[in-house]
Amino acid sequence: MIRQVRFDKKQRVVDELIRRIESGLMEDGFHLPGEHQLAQEFKVSRGTLREALAELKRRNYIATQSGVGSIVTFDGMVLDQRNGWAQALADSGALVNTEVLRLEAVTRPDLLSRFGIDQFITLDRRRRSNDGTLVSLERSLMPATGGLESLPRVGLIDNSLTITLAAYGYIGERGDQWIGAEPLNAEDAELLGRPVGTVFLKALRTTYDRQNRFMEQVESLLDPVHFRLHLQFGTAQ
């Protein structure tokens, strides 16, 4: 019975995605949302969703994207970047503990010309591996509009920024991410428990939603002992 229910759920996802593709709602070149988002939409497990996507790929309805792409890994586990590495890390099942350092409203006049606003909500978090080692520090900025201005008072939903943003109508559609390496300054070194000047990977990711609204900018400092950037190119097999 359980196996039949799982099959029925998978078939429901397959049928609905095929309907969208054949009706033109998803045209050639359309990028499917991330697994986390699709699993939430269809109310199925990620395992069931992956089975459905594998079936669609087998039937040539979807294909692995060709070209250049980047993959961030944590201790060898691939992190799906479509919803940001932080959400991907949470979805991966990695034994990482997250600590919220700050969730408050801030004024950033230096960002007015770029985003058209200077009122933001900032969320600062750091993460520890299972042995207690601090492995990352991230600072997220969201617009203090559309209900997000209440976050310092009400907090995150399920301790997830991605889920919280979606609940307020912000679902990522496009953006960019830059990754480099920088030595830690005195403030960041203290927060991460490392000597000043220790080199960390630095990622800056900016995301816009389906209505082309700015929804998040996140600056992340990542311990290169645990995080890697892997580039792919050419035609995927």
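To start, this report covers the structure provided alongside it.

Here is what the cut-offs are and how they apply
- Residues numbered from 1 in each chain as written.
- Predicted model: local features only at pLDDT ≥ 70, side-chain atom pairs only at ≥ 80, totals over all residues.
- Heavy atoms only, no water.
- Helix = DSSP H or I, 4+ residues; strand = E, 2+ residues; numbered from the N terminus.
- Buried < 20%, exposed > 50% of the residue type's maximum accessible area, 1.4 Å probe, protein only.
- Contact = heavy atoms within 4.5 Å.
- Areas by Shrake-Rupley, 256 points an atom, 1.4 Å probe, with all protein chains shown as cover.
- Salt bridge = Lys/Arg side-chain N within 4 Å of Asp/Glu carboxyl O.
- Pairing = 2+ DSSP bridges.
- Axes fitted to C-alpha atoms, helices over the stretch in contact; angles between N-to-C directions.
- Phe/Tyr/Trp six-rings, centres within 6.5 Å; stacked < 30°, edge-to-face > 60°.
- Lys NZ or Arg CZ within 6 Å of the ring centre and 35° of its normal.
- Core = buried A, V, L, I, M, F, W, Y, C linked by side-chain atoms within 4.5 Å.
- Expected span 1.5 Å × (residues − 1).
- Arc of directions from axis to C-beta.

Points about the overall build of the protein
So, step 1. Within the protein, the regular secondary structure consists of eight helices and nine strands.
So, step 2. Burial analysis of the protein (237 residues in total) assigns 38% to the buried set.
So, step 3. By sequence separation, contacts in the protein at least 24 residues apart represent 59% of the contacts at least 6 residues apart.
So, step 4. About 13,500 Å² of surface is accessible on the protein, with carbon and sulfur atoms providing 51% of the total.

Thoughts on helix H2 (residues 35–42)
So, step 1. Taken across its eight residues, H2 has six buried, putting it largely inside the fold.
So, step 2. Those residues of H2 that sit buried are Glu35, His36, Gln37, Leu38, Ala39 and Phe42.
So, step 3. A positive phi of about 55° marks lysine 43, the residue just after H2.

With respect to the pattern of salt bridges
So, step 1. With the rule as written, the count across this model stands at 15 salt bridges.
So, step 2. The residue arginine 126 makes a salt bridge to glutamate 99 at a minimum N-O spacing of 2.8 Å. Of the two residues, arginine 126 sits in strand E4 (residues 119–129) while glutamate 99 sits in strand E3 (residues 96–107), which places them 27 residues apart along the sequence.
So, step 3. Under the relative-accessibility criterion, arginine 126 is labelled buried at 14%.

What about the sheet that holds E3?
By way of backbone hydrogen bonds, the strands of a sheet pair with one another, either parallel or antiparallel.
So, step 1. Taken in spatial order, the six strands make up an open sheet running E3-E4-E5-E8-E7-E6, and their pairing is antiparallel. The open sheet is flanked by E3 and strand E6 (172–183), the only strands paired with a single partner. Pairs of neighbouring strands in the sheet enclose a mean axial angle of 15°, with direction left out of account.
So, step 2. Of the pairings in the sheet, the one linking E4 to strand E5 (residues 134–143) comprises nine bridges and is antiparallel in character. Counted as the bridge partner of arginine 125 is glutamate 138 from E5.

Considering the packing of aromatic side chains
So, step 1. In this structure the tally under the stated criterion is four aromatic pairs.
So, step 2. The interplanar angle of 75° and the centroid separation of 6.3 Å between the aromatic rings of phenylalanine 115 and phenylalanine 120 together place this pair among those described as edge-to-face.
So, step 3. On the basis of relative accessible area, phenylalanine 120 is assigned to the buried category, the value being 1%.
So, step 4. Ring-pair connections join several aromatic residues into one group, and the members of that group are Phe115, Phe120, Tyr208 and Phe214.
So, step 5. Its guanidinium or amino end placed over the ring of tyrosine 208, arginine 174 lies 4.4 Å from that ring's centre, counting from NZ or CZ.

Digging into the nonpolar core
So, step 1. Judged by nonpolar contacts, Val13, Val14, Leu17, Ile18, Leu38, Ala39, Phe42, Val44, Leu49, Ala52, Leu53 and Leu56 together constitute the single largest core of 12 residues.
So, step 2. Those elements that provide at least two residues to this core are helix H1 (2–23), H2 and helix H3 (46–58).
So, step 3. When residues no more than four places from it in sequence are discounted, the contact partners of valine 44 are Lys9, Arg12, Val13, Ala39 and Leu49.
So, step 4. Listed in part, the 10 residues of the second largest apolar core include Leu148, Leu151, Leu165 and Met215.

Thoughts on H3
So, step 1. In this model H3 runs 18 Å from its N-terminal to its C-terminal C-alpha over 13 residues, within 8% of the 18 Å that 1.5 Å per residue would give.
So, step 2. Burial in H3 covers these residues: Thr48, Leu49, Ala52, Leu53, Glu55 and Leu56. Buried residues in H3, looked at end-on, bunch into an arc of 155°, giving them a common side.
So, step 3. Trailing H3 by a residue or two, asparagine 60 shows a phi angle of about 65°, which is positive.

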